[in-house]
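Below, each chain spelled out in residue letters.
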Amino acid sequence: MLKGCRVRTFVHVLMGLIVFCSSPHLLAQQQDANEPGDFFEMSIEELMEVEVQTATKYKQKISEAPSSVTIITAEEIHKYGYRTLLDILNSIPGFYTTYDRNYGYVGVRGFGRPGDYNSRILVMIDGYRTNDNTSGSPSIVTTFQLDVDLIERIEIVRGPGSALYGSNAFFAVINVISKSAKDYNGLELSGEIASQDTERARITYGNVLDDDLDLLISGTYYDRDGEILYYPEFDDPATNNGYVENDDDNFKNYFVKVSMSDFTFTAAHVQREKGIPTAPWETVFNDRRTRTWDYSDLIGLTYQHDFPDDLSVLSRVAYNHYNYYGGYVYDDGGTYVNKGFCKGRWWTGELQFTKKLSDQHKFVWGAESQYNVRQDQKTWDSDVYLNDRRHSKSWGLYVQDEFRILDNLILNAGVRRDYYDTFGDTTNPQAGLIYGLSDDTVVKFLCGKAFRAPSVYELYYDDGGYSYKANPNLEPETIKTYEVVFEQAINKNLRGTVSGFRNEINDLIDQTTDPSDGLLQFQNLTKVTAKGLEAALDGKWNNGMRGRIGYSFVQTLDKTTGETLVNSPKNMVNFNLIYPLVPKELFAGFESKYIGKRKTLTGNYTDGSVITNLTLTYENAAKRMEIQMGVYNLFDVEYGHPGFGEHVQDIIDQDGRTFGVRLTQRF
Amino acid sequence: MARIKVYLIISALVLFLAADTVKADSENSRECQVKAAFLYNFINFVDWPKEKQVDSNEPITVGIIGYEDFIKAFEPIKNKKIKNRSISIKYFAGYEKLKRSKDADDHQWNQKMEVLKTCHVLVFCTCNSERIENSSQIIKALKDSPVLTVGETKGFLESGGVINFLMEDEKVRFEINNAAAKQAKLNIRSKLLRLAKRVIEEDGAKGAKD
């Protein structure tokens with residue numbers, strides 16, 4: 001009760017602060033929103049580094065892309081107070097997230113399959129694939145390799161991307177681009193305390209050491225004790241009346257980037273330990289030994305050079321490492337811990353040439369290969385149930401041509417062929433016709449095919465007749481997408497996008513029970529279609545204000561059952577606004593998202609919910625110091641996400657209102 | 001459903017109300033301010049022929065055709081001096097719609113061109129994505145006069161302009177037609193040429209920079 005009161009007082013103070021700050025300064029900001037005098041003090045070299053945002057930027061950058069693209073900038077990540085990649089992706093029109101209090105999952109365009117480990121999206125850091133080589137899963141919660149503060153921008157490309165990127169680029173490609181040394185030019189320390197006994201500290205150093213040598217090094221420590229949670233499904237004296245205390249989350253990560261002329265060396269590491277409070281897989285409720293550990297490493301070298309005659313060469317080599325350990329407590333008269341691990345080690349190599357053949361043709365040619373040194377899975381307690389060791393390789397070749405047929409008509413077509421040890425080969429084409437009706441209006445017609453290779457987990461997970469059996473004959477699942485995108489620059493500040501799409505998914509790899517022996521097995525079973533509409537209005541103003549309203553509608557149909565999919569909200573609305581309360585000093589980041597009801601595995605529905613976050617950023621609290629305050633789930637809405645097959649909970653409750661305060665100091 | 005509608009309406013209202021309060025500000029664009037600062041720097045790296053430097057008491061004249069925004073952008077340097085000379089900004093209102101009549105000896109047109117020739121720098125400002133209908137004709141009329149023509153549209157150099165602004169990754173870049181500069185008897189110093197994204201050295205031949 002007392003806590004509730006304190007919370008309410010805090011919200012009132014915040015609101016009061018906003019009203020107080022916004023009213024007297026509204027007039028002032030029109031005079032000093034910018035400091036034009038400063039530009040005249042700069043040299044040409046300095047001026048060349050000044051970022052100015054223009055409406056035409058959209059025309060050059062996004063509008064000619066053969067897909068529907070959303071770009072999230074460092075400024076947005078900062079001012080909306082996003083804490084994980086999951087938070088960021090939740091803000092994208094057409095995207096939604098599911099959190100089971102251990103891992104976070106992203107749904108795209110009505111498709112958020114329970115237990116798909118996000119393997120139907122490809123997540124890259126600076127062009128390096130981060131999806132692991134056992135389950136095909138990228139890490140997007142606290143397991144993500146890069147601290148979100150270090151993100152320069154994220155390019156979110158909807159639709160099939162296999163024609164360029166191969167497997168996993170099924171629904172979307174998410175390319176995270178890290179900041180560089182010159183974004184820091186010195187040392188930055190950041191500390192945060194937040195609800196649920198959360199502490200977070202970051203130290204970052206970035207500097208241009210020499211004309212040609214940039215160094216960025218950063219480390220983050222995060223620890224959240226978590227709160228006592230209540231699950232009515234376990235409300236029994238034998239299971240602590242449904243109360244559980246096992247929601248702790250702890251991670252450390254580091255990131256190093258060194259650039260020397262055309263070479264960039266990147267190293268990233270993250271290790272996380274997370275308690276699982278939901279007692280999945282029929283484990284003992286409220287036992288703190290049920291938890292997972294995730295470790296991942298990326299070491300990569302990129303070479304990029306622009307040669308004369310419009311030829312550029314890009315080459316990447318990377319070594320990746322991913323370990324998962326899980327401990328699950330069972331009761332068999334006495335309790336014991338069942339353990340499992342995945343160990344992945346793999347090399348990737350890529351070589352890409354881009355050549356402008358004439359004013360009309362821009363040609364991309366590339367080859368990519370992956371050698372999986374280890375893809376091991378093991379499950380054991382007193383017995384060993386699974387001990388599977390694998391290694392494999394795959395490679396792909398791709399070509400793409402951007403053919404400028406007319407000044408305002410571009411045909412972008414590409415195809416990629418992939419070879420896998422496991423299932424053979426697959427060819428995936430993609431084409432986009434981009435037509436500029438006027439300087440302000442662009443229409444795109446897009447179609448393409450993508451695939452996802454079956455993961456080692458889906459192919460070989462077999463616990464010796466207890467519950468799972470292997471299926472080494474799995475084929476890749478495929479998707480065909482047809483899309484029309486209409487983009488309109490309304491004025492200097494506003495840009496509208498409307499798109500309609502249709503997805504056809506075949507041979508979807510799904511878990512099913514074999515009636516002959518009652519064991520679970522992955523099979524190429526399901527056919528799914530989805531059709532939908534997305535509309536967004538983006539605004540950007542020179543005083544630092546920017547906003548977005550997005551609406552998305554999607555209707556999914558499982559063709560084998562004739563029903564809509566589980567965890568597939570039909571309607572979503574999001575509203576985002578960064579508003580300068582005091583120009584260049586105090587900003588409010590307001591974000592609100594409505595996600596419609598979602599069907600659960602038992603055929604019930606979660607309630608539709610509007611979740612609102614508010615972040616205030618005071619940029620010049622003291623010399624080079626910044627204070628940020630965030631309130632998440634501002635109106636303390638009770639809501640839940642659908643549970644997965646391993647959960648007793650049909651709906652998993654999400655956090656109520658939480659707070660965070662962050663102090664950042666630059667030196 | 002009712003909740004979504006209320007929510008949508010409120011969101012839209014907030015965005016547009018918020019947009020309204022900053023409208024005045026957005027017109028005074030940051031892009032123009034940065035470009036004005038570029039122009040200010042360019043003047044240091046361009047040498048005009050003697051005929052244009054007779055009297056050092058005379059200010060350096062920057063003429064603007066098109067969008068007015070540059071005038072505001074230049075405000076902070078009203079009292080500054082470059083090369084020991086003050087700067088005077090002239091706005092040629094209505095010139096963006098200037099038309100040359102078919103009469104070869106169009107008196108009015110010629111008179112206006114003579115006025116433009118007195119400028120050191122002439123900016124064709126299309127910040128607001130407005131077109132300047134006869135910019136190429138104006139450039140043609142000025143081509144032998146020592147006027148540094150600056151534009152911000154694709155193809156500006158090809159139509160005979162000297163410096164053109166372009167955007168790359170949200171940053172301002174520029175390209176130079178050194179052949180046109182030479183014809184206008186302007187000497188562009190090598191440092192500026194080096195920083196340009198692209199330099200046209202001779203008519204027809206385009207040099208690309210890495």
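How each quantity is defined
Residues numbered from 1 in each chain as written. Chains lettered and ligands numbered in written order. Predicted model: local features only at pLDDT ≥ 70, side-chain atom pairs only at ≥ 80, totals over all residues. Heavy atoms only, no water. Pairing = 2+ DSSP bridges. Helix = DSSP H or I, 4+ residues; strand = E, 2+ residues; numbered from the N terminus. Expected span 1.5 Å × (residues − 1). Buried < 20%, exposed > 50% of the residue type's maximum accessible area, 1.4 Å probe, protein only. 1 Å grid on protein atoms, 1.4 Å probe; cavity = no way out; pocket = protein on both sides within 12 Å on 5 of 7 lines; lining within 4 Å. Points joined across faces, edges and corners; volume = space filled by probe spheres on them. Phe/Tyr/Trp six-rings, centres within 6.5 Å; stacked < 30°, edge-to-face > 60°. Core = buried A, V, L, I, M, F, W, Y, C linked by side-chain atoms within 4.5 Å. Contact = heavy atoms within 4.5 Å. Polar contact = N/O pair within 3.5 Å; in protein donor to acceptor, adjacent residues only side chain to side chain.

Colleague: Can you tell me about the sheet that holds strand β4 (residues 121–125) of chain A, naming the residues and giving the values?
Modeller: Strand-to-strand pairing in sheets goes through backbone hydrogen bonds, with the strands running parallel or antiparallel. All names here are of chain A. Here five strands make up an open sheet; going across it, the order is β1-β6-β7-β4-β5 and the pairing mixed. The outermost strands of the open sheet, each flanked by one partner alone, are β1 (68–73) and β5 (128–129). In terms of strand pairing, β4 meets β5 through two bridges, oriented antiparallel. Counterpart to Ile-125 in the pairing with β5 is Tyr-128.

Colleague: An account of helix α3 (residues 30–45) of chain B is needed here, citing residue identities and associated values.
Modeller: Given a rise of 1.5 Å per residue, 16 residues ought to cover 22 Å, and the 23 Å separating the end C-alpha atoms of α3 of chain B matches this to within 8%. Among the 16 residues in α3 of chain B, 14 count as buried, and that is most of the element.

Colleague: I'd love a proper account of empty space enclosed by the protein, names of residues and values included.
Modeller: All names here are of chain A. This model, assessed by the stated rule, comprises 13 cavities of 30 Å³ or more. The space that makes up the largest cavity amounts to roughly 950 Å³. Surrounding the largest cavity, 45 residues form its lining, Arg-83, Asp-87, Tyr-99, Tyr-639 and Asp-655 being those nearest its centre.

Colleague: Could you give me a rundown of the packing of aromatic side chains, with the residues and numbers involved?
Modeller: Residues and elements named next belong to chain A. Applying the stated criterion across every chain yields a total of 33 aromatic pairs over all chains. Judged by centre distance (5.0 Å) and plane angle (20 degrees), the ring pair of Tyr-222 and Phe-251 falls under stacked. You can see Tyr-222 sitting in strand β10 (residues 213–224) and its partner Phe-251 sitting in strand β13 (residues 249–260), a full 29 residues away along the chain. Taking relative accessible area as the criterion, Tyr-222 reaches 10% and is therefore assigned buried. You can call Phe-251 buried: its relative accessible area is 4%.

Colleague: Give me the lowdown on the nonpolar core, citing residues and values where you can.
Modeller: Counting 49 residues, the largest nonpolar core has Phe-38, Phe-174 and Leu-192 of chain B as its most contacted members. Here the element with the most residues in this core is α3 of chain B; it accounts for ten residues. Each residue touching Leu-192 of chain B, except ones within four places of it in the same chain, is listed here: Ile-44 of chain A together with Phe-42, Phe-45, Val-46, Ile-163, Phe-174 and Ile-176 of chain B. Core analysis: the next-biggest nonpolar cluster, separate from the first, contains 46 residues, Ile-77, Ile-140, Ile-151 and Phe-255 of chain A among them.

Colleague: Give me the side chain of Lys-35 of chain B: which residues, what numbers.
Modeller: Residues and elements named next belong to chain B. Tracing the backbone shows Lys-35 in helix α3. Given a relative accessible area of 3%, Lys-35 falls into the buried group. Not counting residues up to four positions away in its chain, the partners in contact with Lys-35 are Phe-70, Glu-152, Phe-165 and Val-172.

Colleague: Summarise the environment of Val-442 of chain A; cite the residues concerned and give the values.
Modeller: In this fold, Val-442 of chain A is placed in strand β23 (residues 441–452). Since its relative accessible area comes to 11%, Val-442 of chain A is described here as buried.

Colleague: Tell me about the side chain of Arg-452 of chain A, and please be specific about residues and values.
Modeller: Residues and elements named next belong to chain A. Along the chain, Arg-452 turns up in strand β23. Within polar-contact distance, the side chain of Arg-452 engages the side chain of Glu-458 at 2.9 Å. There is a polar contact of 2.7 Å between the side chain of Arg-452 and the side chain of Glu-477. Once you skip the residues sitting within four places of it in the chain, Arg-452 turns out to touch Ser-119, Arg-120, Ser-167, Asn-168, Phe-170, Glu-458, Pro-476, Glu-477 and Ile-509.

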